[in-house]
Amino acid sequence: MTCRVCKKKINKIINFGKFPVSHKFKRQKEKDKKFGLKLGICSNCNLVQLKNLFPLSQLKPKYEWINYNEPEEHLDKLVKKILNLKNITKKSIIAGVSYKEFSTLKRFEKIGFKNTWLLDVKKDLNIKNPKLNLETIQEKISKINTKKTFKSKKRADVLIARHILEHSYDTNKFIKSVKNLIKDDGYLIFEVPDCKESFVNSDYTMLWEEHVLYFTEHSLKNILINNGLTICYFEKYKYSYEDILIVIAKINNNNYIKKRIKKNIPKINFNNKKLSIDKLKIRKKLENFHKREYKIGLFGTGHAACTFLNILKLHDLIDFVVDDDKNKYNLFLPNSQLQIKKTANLNNFKKI
């Protein structure tokens, strides 16, 4: 495989093995379809990425209730920053590429911005199946018919794309498409997870089959500059679980000078030796709890929880799984025979 962006060789970092898609909750006798989860780094631009992609057809959810929530504590600050951008007034058109921008656009509408729009999944992206999510949205944006879109919409002064760039299968086409949705002097705002600390701390839960790209500040800036954008503003926003990177960019033109980004290889503490040591350490800890007659429960069944169990191979040490998403009750965790129960069952522990 070659780099999603610069098309150069990808060097292998680690092969974690074969796993099912994290949201493929199942009935007890259903079989899992598994695919290789391999991480690599571009030999040229140092962008960390999945070496082999899961088939898009397999990423499409089985259920309508599958959803992805992102932290929003920083959005008020982001809105204030946008308000202070050059040439932005209450007449400006503020737009978003997916449902993840809905709450941001509502903030603008509350302060008097009347010209807002979101890409319509049916009319603009031709997505008719309500089960489909970001895996399909990113693909459709990469192939969007802008002539059709602009029959009902005007090009944006500001276009926001939160937590979707890292999902893009054809990243260059995706960026080209969103550039076509803004005015020549418009702004593009990207928001992605910051993977630097996870690389350093060997946080395996950062891995997700739906995240094709794993950004650091350097690689994010580099990919945007190489796609004809100029960075106007950058921020790393700190969260307790996972930091986010925020970039405001403009289409490069005669008024902006393209800056060169120095080569910066991220420190990545993922390797087979380290993984073996971590597996053994965590397994011994959990086995010690069992020896002391404790039960071990898993709270929550998001992709991070599934990745934790899969990569560290801990399913046999988990006694029960709880999640208060009523849609998940009595289904089984992918890659396991662990049935999902309500947290209310903890009140009567013996019944779990």
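Everything below is about the structure shown above.
None of these values were measured; they are calculated from a predicted model.

It is worth spelling out the environment of Tyr329 at this point. Along the chain, the position of Tyr329 falls in the loop between strand 12 (320–322) and strand 13 (340–341). For the pair Tyr329 and Ile340, spaced 11 residues apart in the sequence, the C-alpha separation amounts to 5.4 Å. Discounting residues that sit within four places of it in the chain, Tyr329 has contacts with Asp323, Asp324, Ile340, Lys341 and Lys342.

The next subject is the packing of helix 4 (residues 134–142) against helix 6 (residues 171–179). Two elements in contact, helix 4 and helix 6, have axes separated by 7 Å at closest approach and are oriented at 65 degrees. By the angle between their directions, the pair helix 4 and helix 6 is classed as roughly perpendicular. In this structure, helix 4 crosses over helix 6, and the sense of that crossing is left-handed. Here Gln138, Ile141 and Ser142 of helix 4 lie close against helix 6, whose contacting residues are Lys173, Phe174, Ser177 and Val178. For the contact of helix 4 with helix 6, the residue count by class is three nonpolar, three polar and one charged.

Here we take up the packing of aromatic side chains. One pass over the structure, following the stated rule, counts 11 aromatic pairs. On the numbers, 5.4 Å between centres and 50 degrees between planes, the contact of Phe35 with Phe54 is tilted. Here Phe54 lies in the loop between strand 3 (48–50) and helix 1 (56–59) and Phe35 lies in strand 2 (residues 35–42), a separation of 19 residues in the sequence. Arranged with centres 5.8 Å apart and planes meeting at 85 degrees, the rings of Phe289 and Tyr294 form a pair that is edge-to-face. Its relative accessible area of 45% is what places Tyr294 among the partly exposed residues. A network of ring pairs unites the aromatic residues Phe16, Phe199, Tyr204 and Phe270 as a single cluster. Directly above the ring of Phe234 sits Lys221, whose terminal nitrogen or CZ lies 4.5 Å from the centroid. Between the NZ or CZ atom of Lys250 and the centre of the ring of Tyr187, over which it lies, the distance is 4.0 Å.

Rules used in this analysis
Residues numbered from 1 in each chain as written. Predicted model: local features only at pLDDT ≥ 70, side-chain atom pairs only at ≥ 80, totals over all residues. Heavy atoms only, no water. Helix = DSSP H or I, 4+ residues; strand = E, 2+ residues; numbered from the N terminus. Contact = heavy atoms within 4.5 Å. Axes fitted to C-alpha atoms, helices over the stretch in contact; angles between N-to-C directions. Parallel < 35°, antiparallel > 145°, perpendicular 65-115°, else oblique. Left-handed = near helix turned anticlockwise from the far one by under 90°. Nonpolar A, V, L, I, M, F, W, Y, C, P; charged D, E, K, R; others polar. Phe/Tyr/Trp six-rings, centres within 6.5 Å; stacked < 30°, edge-to-face > 60°. Buried < 20%, exposed > 50% of the residue type's maximum accessible area, 1.4 Å probe, protein only. Lys NZ or Arg CZ within 6 Å of the ring centre and 35° of its normal.

Any functional reading would require information beyond the geometric quantities listed.
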